[in-house]
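# What the coordinates show
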Number of protein chains: 2
Amino acid sequence: MTKQELFENIKKKKSFLCVGLDTDINKIPSHLLDEEEDPLYVFNKAIIDATARYCVAYKPNTAFYESYGVKGLVALEKTMEYIRTKYPDQFMILDAKRGDIGNTSGMYAVSAFEHLKASAVTVAPYMGEDSVKPFIKYPKKWVILLALTSNKGSADFQLSEDKTGERLFEKVLRKSQEWATDEQLMYVVGATQGKMFSDIRKIAPDHFLLVPGIGAQGGSLAEVVKYGMNSQCGLLVNSSRAVIYADNTREFAFAAAVEAKKVQAEMAGYLEKFI
Amino acid sequence: MTKQELFENIKKKKSFLCVGLDTDINKIPSHLLDEEEDPLYVFNKAIIDATARYCVAYKPNTAFYESYGVKGLVALEKTMEYIRTKYPDQFMILDAKRGDIGNTSGMYAVSAFEHLKASAVTVAPYMGEDSVKPFIKYPKKWVILLALTSNKGSADFQLSEDKTGERLFEKVLRKSQEWATDEQLMYVVGATQGKMFSDIRKIAPDHFLLVPGIGAQGGSLAEVVKYGMNSQCGLLVNSSRAVIYADNTREFAFAAAVEAKKVQAEMAGYLEKFI
């Protein structure tokens, strides 16, 4: 998907919501475990059908699927296949936070783009240029590089200042722009980082930012928009737990739709200037 | 496995070799593709049986298996099960370079330690403390944190100096020691980094280091030993391509054994002082 296509979808749906499919067998409704052979996939399918009209992206996190071994990977494949065929305008982010030496990162790119047919994959920047570039070889596919994450540990290294006063996340933002354009590169910036979005927009004014951390992690959508929105929206705001675990009865999909719609309605307000 | 047990194995085998199972369907002998239903597993099994006496550790890299989808993951599970049951004294490293927010890193830990039953998993430090700690909850299991990697891109961020002159990889070495002891924490340091090993030993004198980059990537074993060996050896030196792809005929396993034995013989010399 191109940047322009993504922006058009955002305007059409009046939403820049990404629904995070962090599907955990201990949190999904228990009747699915009793009744279904592949409860992870059945759960995802119901969540997707209920929320697709309110969001422009889905983001399965590989950790949850890997924790069930081969069965989990089958559920992940089926989920991505389902989104791709039934909702081809959805931007599919494989949240994998991968990264290795060039030769090996190329294998992760095969997995994400050729096998799972994701639109984008999240990548960790620690190993530098050759760990990122193999993902960029695929036209119209995206790397979403970790810049400033939503968790407490983000302060341990990401905020380290070098001699010139540049912080590590700023160096990641600046340096990575030598490797790809804003047509293939986005950044992860946690919603919990509030005003830091202005600092980020100084270095990356045109890039899309994938923003986790609203909902369960406590970030504010209003603040993200205030400091982070650009002239093409430039934001994909993710909500995982608050949407997909809104309810754990047989009404779970309906409850997820209600939650997603609530976020979408707030987003529609922020998008009015584009429409 | 405890640190002492690992050191005992090193002395017994007169080897600190780790064989990297970067198993690539385009590089394994073609007769396996024609004759075998699960050529990745059959290849690994033959390599393991041929090299087990010369090494103390195996390190499958998840990227290679993921690039074949579910089939690849089945081959990975079978390979790790085979090592664990037939060669229980081998240290099994899942080279996955994972890391996510705490909740999610916990899922990767389930995958690595409960499901695949690895002895250790490689972890990327960018997201800080809560991305690393869930792996340390498992007694006798290890985190191998990326410090200074073997690739060219390692210079992009890992060598950044902060205001006090501390480089990022040094900060990772120092800070992570607040999270775990040298009984559960090792570091990845590329063999291509030569004299940097002395700088690393100033901060982490007692930790084991996992050292990729000899063989195909060009690092020197003599230099790694000179600057990196400590009083309990403290080194696991990995070779992947140079061992496992030593030959691609029906004699591939024999050729891998010859290569592994050659490295082991050199290592035996460096270990004489301990025996």
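Before any of the text, the structure's been laid out above.
Presented here is a report on the structure given in the accompanying data block.

Cut-offs used in this document
- Chains are numbered independently. Their residues run from 1 in the order of the written sequence.
- As they are written, the chains are lettered A onward and the ligands numbered 1 onward, keeping that order.
- Residues qualify for local features only when their pLDDT is at least 70, as the model is predicted, and side-chain atom pairs are given and counted only at 80 or more; totals for whole chains, interfaces and linings, by contrast, use all residues.
- Hydrogens and waters are ignored; side-chain quantities use all the structure's heavy atoms.
- Secondary structure elements follow DSSP: runs of H or I no shorter than four residues count as helices, runs of E no shorter than two count as strands, and numbering proceeds from the N terminus.
- Note that the radius of gyration is over C-alpha atoms, with the globule rule given as 2.2 Å times the number of residues to the power 0.38.
- Whether two residues touch is decided by their heavy atoms; if any such pair falls within 4.5 Å, the residues are in contact.
- With residues, only the protein chains shown are counted as cover, and all accessible areas are computed by Shrake-Rupley using a 1.4 Å probe.
- The convention is simple: Lys and Arg are positive, Asp and Glu are negative, and His and the chain ends are not counted.
- Charge positions come from single atoms, namely NZ of Lys, CZ of Arg, CG of Asp or CD of Glu.
- Lining residues are those with an atom within 4 Å of a point, where the points come from a 1 Å grid over the protein atoms alone and group into cavities, where a 1.4 Å probe fits but cannot get out, or pockets, open sets with protein on both sides within 12 Å along at least five of seven lines.
- Grid points are joined across faces, edges and corners, and a volume is the space filled by probe spheres set on the points.
- Residues are grouped as follows: Ala, Val, Leu, Ile, Met, Phe, Trp, Tyr, Cys and Pro are nonpolar; Asp, Glu, Lys and Arg are charged; all remaining types, including Gly, are polar.
- Only protein chains enter the accessibility calculation, which uses a 1.4 Å probe. A residue is then buried if its area is under 20% of the maximum for its type, exposed if over 50%, and partly exposed in between.
- Think of it this way: DSSP has to see at least two bridges between two strands before they count as a pair.
- Only C-alpha atoms enter the line fits that serve as axes; for helices the fit covers just the stretch in contact. Angles between N-to-C directions range over 0 to 180 degrees.
- Orientation is classified from the angle alone, with under 35 degrees giving roughly parallel, over 145 giving roughly antiparallel, 65 to 115 giving roughly perpendicular, and any other angle giving oblique.
- Here a crossing is taken to be left-handed if its near helix is turned anticlockwise relative to the far helix by less than a right angle, and right-handed if that turn runs clockwise.
- Crossover handedness is defined by viewing with both strands directed away from the observer: a clockwise path from the first strand over the helix to the second marks the crossover as right-handed.
- Throughout, the accessible surface (probe 1.4 Å) given up by two parts as they are put together, summed over both, is called the buried area.
- For this document, the term salt bridge refers to a Lys or Arg side-chain nitrogen within 4 Å of an Asp or Glu carboxyl oxygen.

### What about the overall build of chain A?
The number of helices and strands found in chain A is 13 helices and eight strands. Rg of the C-alpha trace for chain A: 18 Å, near the compact-globule value of 19 Å for 275 residues, within the 12% margin. Overall, the C-alpha framework of chain A stretches about 60 × 45 × 35 Å when taken along its three principal axes. Restricting to contacts in chain A with at least 6 residues of sequence separation, those with at least 24 account for 73%. By element, 50% of the accessible surface of chain A is carried by carbon and sulfur atoms, the whole surface being about 9900 Å². Computed over 35 positive and 35 negative side-chain charges, the inter-centroid distance for chain A is 3 Å.

### What about the layout of surface pockets?
Residues and elements named next belong to chain B. In this structure, the largest pocket spans a volume of roughly 190 Å³. In terms of lining residues, the largest pocket is bounded by Ile25, Glu37, Asp38, Pro39, Leu40, Tyr68, Lys71, Gly72 and Val74. Mapped onto the lining of the largest pocket, the elements with two or more residues apiece are helix H3 (39-51) and helix H5 (69-86). With three residues, H5 is the largest single contributor of residues to the lining of the largest pocket. The class makeup of the residues in the lining of the largest pocket is five nonpolar, one polar and three charged.

### Thoughts on helix H7 (residues 129-136) of chain B
Turning to H7(B), its buried residues number three or more, namely Ser131(B), Val132(B), Pro134(B), Phe135(B) and Ile136(B). Against strand S3 (91-98), helix H6 (102-115), strand S4 (120-123) and strand S5 (142-148) of chain B lie the buried residues of H7(B).

### With respect to the pairing of strand S8 (residues 235-239) of chain B
In the case of a regular strand, side chains alternate between the two sheet surfaces. Residue and element names in this part refer to chain B. Counting buried positions over the five residues of S8 gives five, a clear majority of the element. Side chains of S8 alternate between two faces, with Leu235, Val237 and Ser239 and Leu236 and Asn238 buried alike. Taken together, the three bridges between strand S1 (residues 17-21) and S8 define a ladder with parallel strand orientation. From the neighbouring strand, Leu17 faces S8, where its bridge partner is Val237.

### Concerning the packing of helix H3 (residues 39-51) of chain A against helix H13 (residues 252-271) of chain A
Between two packed helices, both the angle of their axes relative to each other and the distance between the axes serve to describe the pair. Residues and elements named next belong to chain A. Contact pair H3 / H13: the axes reach a minimum separation of 8 Å and the direction vectors enclose 40°. Regarding the angle of H3 to H13, the classification is oblique. Like other packed secondary-structure pairs, H3 and H13 cross with a definite hand, here right-handed. Mapping the contact onto sequence places Phe43, Ala46, Ile47, Ala50 and Thr51 in H3 and Phe252, Ala253, Ala256, Ala257 and Ala260 in H13. Grouping the amino acids of the contact of H3 with H13 by side-chain chemistry returns nine nonpolar, one polar and no charged.

### Some thoughts on the pairing of strand S4 (residues 120-123) of chain A
Residues and elements named next belong to chain A. Residues Ala120 and Thr122 line one face of S4 and the alternating positions Val121 and Val123 line the opposite face, and both faces are buried. Taken together, the three bridges between strand S3 (residues 91-98) and S4 define a ladder with parallel strand orientation. By the bridge assignment for S4, Arg98 is matched with Val123. Note on the crossover from S3 through helix H6 (residues 102-115) to S4: the handedness is right-handed. Relative to strand S5 (residues 142-148), S4 runs parallel, the two being bridged by four bridges. Note that in S5 the partner of Thr122 across the bridge is Ile144.

### Some details on the interface of chain B and chain A
Listed as interface residues are 57 residues of chain B and, on the opposing side, 57 residues of chain A. For the pair chain B and chain A, the two sides together bury roughly 5000 Å², of which 59% comes from carbon and sulfur. Of all residues in chain B, Met107(B), Tyr126(B) and Phe157(B) bury the most surface against chain A, accounting for 18% of the area lost on that side. Our count for the contact surface shared by chain B and chain A stands at six salt bridges.

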